[in-house]
Amino acid sequence: MKEITKDVYLKWYEDMLFWRKFEDKLAALYIQQKVRGFLHLYNGQEAVLAGALHVMDLSKDKMITAYRNHVQPIGMGVDPRKVMAELLGKVTGTSKGMGGSMHIFSKEHGFYGGHGIVGAQIPVGAGIAFADKYFGRDGVTLTYFGDGAARQGSLHEAFNMAMLWKLPVVFIVENNGYAMGTSVERTANHGDIWKLGLGYEMPCGPVDGMNPVKVAEAMHEAIERARRGDGPTFLEMKTYRYRGHSMSDAQLYRTKDEVEEYKKIDPITQVLDIIKENKYATDAEIEIIDERVKDLVEECATFAEESDFPEVQQLYDVVYEQKDYPFLPHKLK
């Protein structure tokens, strides 16, 4: 595994802080009704992404996830201004403003969504991995889903085929404790989701998802196993979200004390503490990072707000490949 150096810690701090502040800005824009529909925020789960990116090969590895999907494409290299523009429904967005919050996508950067249907990405992730194996490519697909999606039947079909065909895929459940407002303990007779892999003799286990180092170590082993042709791994990232399931969530199912307890192990704070303990950066240098993050978030917001909404004609241009398609509205009169 690549060494976790001073530069890595500084990058982790800046990246995770940016992801957090980027989504805080989205929350503010949602309240102003500039972001419409649903908005599912990642606050608290950033270490799961930071640790994985450290050991991925972004030139060939791919990622697919659920609808809590704004910061992952940014980590994969997508322009954050385009991500924010997509959330505001602007033509400069990643899907020309037509995907919105739950459907960020970038084939160019190996990010295959953003899926609004619970658990839909699990078999799709296995399919992307199958394509890599079929065409002899050396990529690995990271397939993320939530603890609620782990109860979908398609998971078992995907697990079975992935093991049967030794597909280069890593399945990752981000267990933040709640499927919307339902605790994990109420969805099964045990709370150890990783044990679902045992029935398929799939290598599996729990991981401290609040610590990017622990995430990187587990992900490195899983990715290398997949890359050498030994098949999939199933990891349960034990993490937590500080905000509700979505912006409309009143969070009546948990106490404020519970949230505050988890904030004591905030991944951003953990990384910052190590930076300070090891004198990787002075207070002045940390302040420069903070200001850089703040400026970039504002740049993204300005870009998105100043961008145009798409023209109505785009509704047809992005659906029909055939230019003279016979069922366009003007031909039905």
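Residues numbered from 1 in each chain as written. Predicted model: local features only at pLDDT ≥ 70, side-chain atom pairs only at ≥ 80, totals over all residues. Heavy atoms only, no water.

Asks: Can you help me understand the overall build of the chain in this one?
Replies: A tally of regular secondary structure across the chain gives 11 helices and 7 strands. Radius of gyration (C-alpha) of the chain: 20 Å, near the 20 Å computed for a compact globule of 333 residues. Based on the C-alpha atoms only, the size of the chain along its principal axes is roughly 65 × 55 × 40 Å. For the chain, with 333 residues in total, the buried portion stands at 48%. Considering only intrachain contacts with a sequence separation of at least 6, the fraction spanning at least 24 residues in the chain is 74%. Surface exposure of the chain reaches about 16,100 Å², of which carbon and sulfur atoms provide 53%. Charged side chains of the chain number 40 positive and 49 negative; the gap between the two group centres comes to 3 Å. (Helix = DSSP H or I, 4+ residues; strand = E, 2+ residues; numbered from the N terminus. Rg over C-alpha atoms; globule rule 2.2 N^0.38 Å. Buried < 20%, exposed > 50% of the residue type's maximum accessible area, 1.4 Å probe, protein only. Contact = heavy atoms within 4.5 Å. Areas by Shrake-Rupley, 256 points an atom, 1.4 Å probe, with all protein chains shown as cover. Lys, Arg positive; Asp, Glu negative; His and termini not counted. Charge placed at Lys NZ, Arg CZ, Asp CG, Glu CD.)

Asks: Looking at this structure, I do not really get the side chain of R254. What am I missing?
Replies: In this structure, R254 sits in the loop between β7 (233-238) and α8 (256-263). No salt bridge forms around the buried R254; measuring N to O, its nearest opposite-charge neighbour E258 is 5.0 Å away. A polar contact is formed between the side chain of R254 and the side chain of Q251, at a distance of 2.6 Å. Setting aside its immediate chain neighbours within four residues, R254 contacts Y178, Y240, R241, Y242, R243, G244 and V259. (Salt bridge = Lys/Arg side-chain N within 4 Å of Asp/Glu carboxyl O. Polar contact = N/O pair within 3.5 Å; in protein donor to acceptor, adjacent residues only side chain to side chain.)

Asks: Mind showing me how you'd approach a negative patch on the surface here?
Replies: Together, D283, E287, E291, D295 and E299 give the surface a local cluster of negative charge. The partly exposed category is assigned to E299, whose relative accessible area is 42%. (Patch = residues over 30% accessible without salt bridge, like charges linked within 9 Å, V, L, I, M, F, W, Y side chains within 5 Å.)

Asks: In this structure, what is going on with the packing of aromatic side chains? I would like to understand it.
Replies: For any two aromatic rings, the description comes down to two numbers: the centre-to-centre distance and the angle of the planes. Evaluation of the coordinates by the stated rule reveals 14 aromatic pairs. Members of the aromatic cluster, each reached through a chain of ring pairs, are F145, F159, F171, Y200 and F234. The aromatic ring of F309 is capped on one face by K90, whose charged end is 4.7 Å from the ring centroid. Over the ring of Y242 we find K263, and its NZ or CZ is 5.9 Å from the ring centre. (Phe/Tyr/Trp six-rings, centres within 6.5 Å; stacked < 30°, edge-to-face > 60°. Lys NZ or Arg CZ within 6 Å of the ring centre and 35° of its normal.)

Asks: Whenever I open this one, the pattern of salt bridges confuses me. Can you help?
Replies: Under the criterion given, the structure shown has 19 salt bridges. Between D132 and R137 there is a salt bridge; the shortest N-O distance is 2.7 Å. On the basis of relative accessibility, which here comes to 44%, the residue R137 falls in the partly exposed class. Where E260 meets K263, a salt bridge forms, and the shortest distance between an N and an O atom there is 3.8 Å. Here K263 and E260 lie together in helix α8, a separation of 3 residues that amounts to about one turn.

Asks: How do you make sense of the UniProt feature "domain: Dehydrogenase E1 component" (unreviewed entry) in the chain when you look at a structure like this?
Replies: The residues that UniProt annotates with the feature "domain: Dehydrogenase E1 component" (unreviewed entry) are residues 15-312. The span residues 15-312 is 42% helix and 10% strand, and its two end C-alpha atoms sit 36 Å from each other. (UniProt positions renumbered as here; feature names shortened; annotations may be inferred.)

Asks: Even after reading the chapter, I still don't get the sheet that holds strand β1 (residues 62-64), so can you show me in this structure?
Replies: Hydrogen bonding along the main chain pairs the strands of a sheet, whether they run parallel or antiparallel. Strands sit in the order β1-β2-β3-β7-β6 across an open sheet of 5 strands; the sheet is parallel. Strands at the two margins of the open sheet, each flanked by one partner only, are β1 and β6 (204-208). With strand direction ignored, the average angle separating the axes of adjacent strands in the sheet is 25°. Alignment of β1 against strand β2 (residues 141-146), held across 3 bridges, turns out to be parallel. Paired with K62 across the two strands is T141, which belongs to β2. Sitting on the sheet, helix α2 (residues 46-55) is in contact with β1, β2, β3 (169-175) and β7, with an inclination near 170° to β2. Its contacts with the sheet place helix α7 (residues 212-227) against β2, β3, β6 and β7, and it is angled at close to 170° to β7. (Pairing = 2+ DSSP bridges. Axes fitted to C-alpha atoms, helices over the stretch in contact; angles between N-to-C directions.)

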